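Reading the structure
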Amino acid sequence: MKILIVDDFSTMRRIIKNLLRDLGFNNTVEADDGSTALPVLKNGGIDFLVTDWNMPGMSGLELLEQVRADPNLCKLPILMVTAEAKREQIIRAAQAGVNGYVVKPFTAAVLKEKIDKIFERVG
Amino acid sequence: MAGLEDFADLHNFEEVLQGKAKELLELLDKGNFAGAMQILAELSEARNHMLYQEVGRLTRGLHEAIKEFNIDVENSTAFQASPDGSEISEVANANERLNYVLELTENAANTTMDMVDVSMPVAEEMGEQARLLRQDWKQMADSQSSLSELKDLGRTTESFLQEIEKGSDTLNKNFTEILLAQGFQDITGQLIKRVIGLVSDVETSLVQLVAVAGKVDQISGLTSEDAKDDASEVDEKAVAEDNLVKGHGPQLHKETSTDVVADQDEVDDLLSSLGF
């Protein structure tokens with residue numbers, strides 16, 4: 001299970017990486033925005049995407065839309081972990097096909113719960 | 001900022017204008033054109049003077065606000081690194097200060113996480129040794145032990161306690177370092193407050209600039225145009241969509257805003273209402 005973590009703040013990437021490691025996911029790669037994440041995804045081998053929303057360059061929503069539009073990537077499970085908390089944004093992300101949505105600040109338990117739920121559904 | 005809000009001069013100018021206008025009409029009635037031109041010249045000069053004065057006031061106000069910002073932050077030890085100490089472009093430096101805030105917070109977060117990374121195995125090791133020792137003690141209580149076995153247990157226990165002491169010291173040291181790392185909050189808080197102060201000063205000045213500009217329009221006889229309002233309305237929708245796609249950033253006043261979710265539970269409720 002290889003996970004791509006996308007966030008423009010390195011500290012947040014590190015926090016998520018550590019939490020994922022505690023959950024038993026040791027194989028993670030990182031990108032600092034959508035435009036650096038997309039080539040990594042297109043290269044293949046990523047099984048799960050955790051992304052922030054508000055980033056310079058390509059935002060998380062744009063990344064989500066691009067992934068869903070790509071026939072090779074459209075089935076990739078995506079968890080959004082973001083400080084964006086407007087209702088219209090959550091609805092927009094849901095419409096774009098996000099698999100889970102976690103608002104910052106979050107706890108390790110919430111992250112685990114959402115990830116478990118996603119894998120339960122995806123199988 | 002002193003005196004910027006003082007528009008008394010402008011009021012005087014309007015009175016002068018009214019007085020001079022009457023005088024002008026009287027002179028024109030009498031056919032004294034040279035006198036009339038003289039009045040017009042005086043009015044023109046008064047108008048120019050007013051303009052210069054208002055613009056000057058505004059410039060001075062902005063300059064004061066910005067200068068104040070610069071000096072205060074310069075005094076804090078956290079920002080001695082400024083090159084050559086001469087007067088620098090203060091607004092440009094606001095960016096630099098915010099970058100510094102970013103750097104400090106990043107360092108503090110990394111220090112804290114480094115310490116946690118180092119401390120967790122120490123705590124784990126202490127727990128593991130305690131578990132092993134407890135088994136030894138249990139065994140001893142359950143069986144008839146020889147004196148040498150008891151002595152062995154004593155030695156193991158002593159070295160365990162020694163490990164606990166050492167581990168506790170290490171943890172203590174690491175916790176202190178974590179505590180100290182939080183010191184960034186003080187500095188960054190101050191820097192951010194300065195920048196907020198600068199921004200609101202600039203905002204106030206800009207509002208006053210708009211007021212002055214309105215007066216200036218009045219003085220120069222220009223009327224403002226309402227036509228551009230329509231165009232800006234059209235743009236608003238595009239900007240709102242752009243904000244939505246790019247993100248609004250962390251939300252303040254989550255509890256009182258209805259268009260913002262307060263916590264993860266509300267996110268979950270919203271998503272499940274959408275069939276998630």
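Notes on the structure in this doc start here.

1. Comments concerning the packing of aromatic side chains
Residue and element names in this part refer to chain A. Evaluated as defined, the whole model comprises 2 aromatic pairs over all chains. Where Phe-25 meets Phe-119, the ring centres are 6.0 Å apart and the plane angle is 45°; that geometry is what we call tilted. With Phe-25 in the loop between α1 (10-22) and β2 (28-31) and Phe-119 in helix α5 (residues 108-122), this residue pair connects regions lying 94 residues apart in the sequence. Using a relative accessible area of 21% as the deciding quantity, one classes Phe-119 as partly exposed. Consider the rings of Phe-48 and Phe-119, whose centres lie 5.0 Å apart with planes at 55°: the pair is tilted.

2. What to know about α1 of chain A
With 13 residues, α1 of chain A extends 18 Å from end C-alpha to end C-alpha; this agrees with the ideal 18 Å at 1.5 Å per step. Gly-24 of chain A sits one or two residues past α1 of chain A and shows a positive phi near 100°.

3. Description of the pairing of strand β5 (residues 100-103) of chain A
Residues and elements named next belong to chain A. Taking every second residue as pointing to the same face, both faces of β5 are buried, with Gly-100 and Val-102 on one and Tyr-101 and Val-103 on the other. Relative to β5, strand β4 (residues 78-82) runs parallel, the two sharing 4 bridges. Looking across to β5, one finds that Val-81 is bridged to Val-102. Note on the crossover from β4 through helix α4 (residues 87-96) to β5: the handedness is right-handed.

4. Thoughts on the sheet that holds β5 of chain A
All names here are of chain A. Judged by pairing direction, the sheet is parallel, and its 5 strands sit side by side in the order β2-β1-β3-β4-β5 without closing on themselves. Here the strands that pair on one side only, and so sit at the sheet edges, are β2 and β5. The sheet shows a mean angle of 20° between the axes of neighbouring strands, direction not considered. Bridge analysis of strand β3 (residues 48-51) against β4 gives 3 bridges, and the strand direction is parallel.

Parameters and conventions
Residues numbered from 1 in each chain as written. Chains lettered and ligands numbered in written order. Predicted model: local features only at pLDDT ≥ 70, side-chain atom pairs only at ≥ 80, totals over all residues. Heavy atoms only, no water. Phe/Tyr/Trp six-rings, centres within 6.5 Å; stacked < 30°, edge-to-face > 60°. Helix = DSSP H or I, 4+ residues; strand = E, 2+ residues; numbered from the N terminus. Buried < 20%, exposed > 50% of the residue type's maximum accessible area, 1.4 Å probe, protein only. Expected span 1.5 Å × (residues − 1). Pairing = 2+ DSSP bridges. Right-handed = clockwise from strand over helix to strand, strands pointing away. Axes fitted to C-alpha atoms, helices over the stretch in contact; angles between N-to-C directions.

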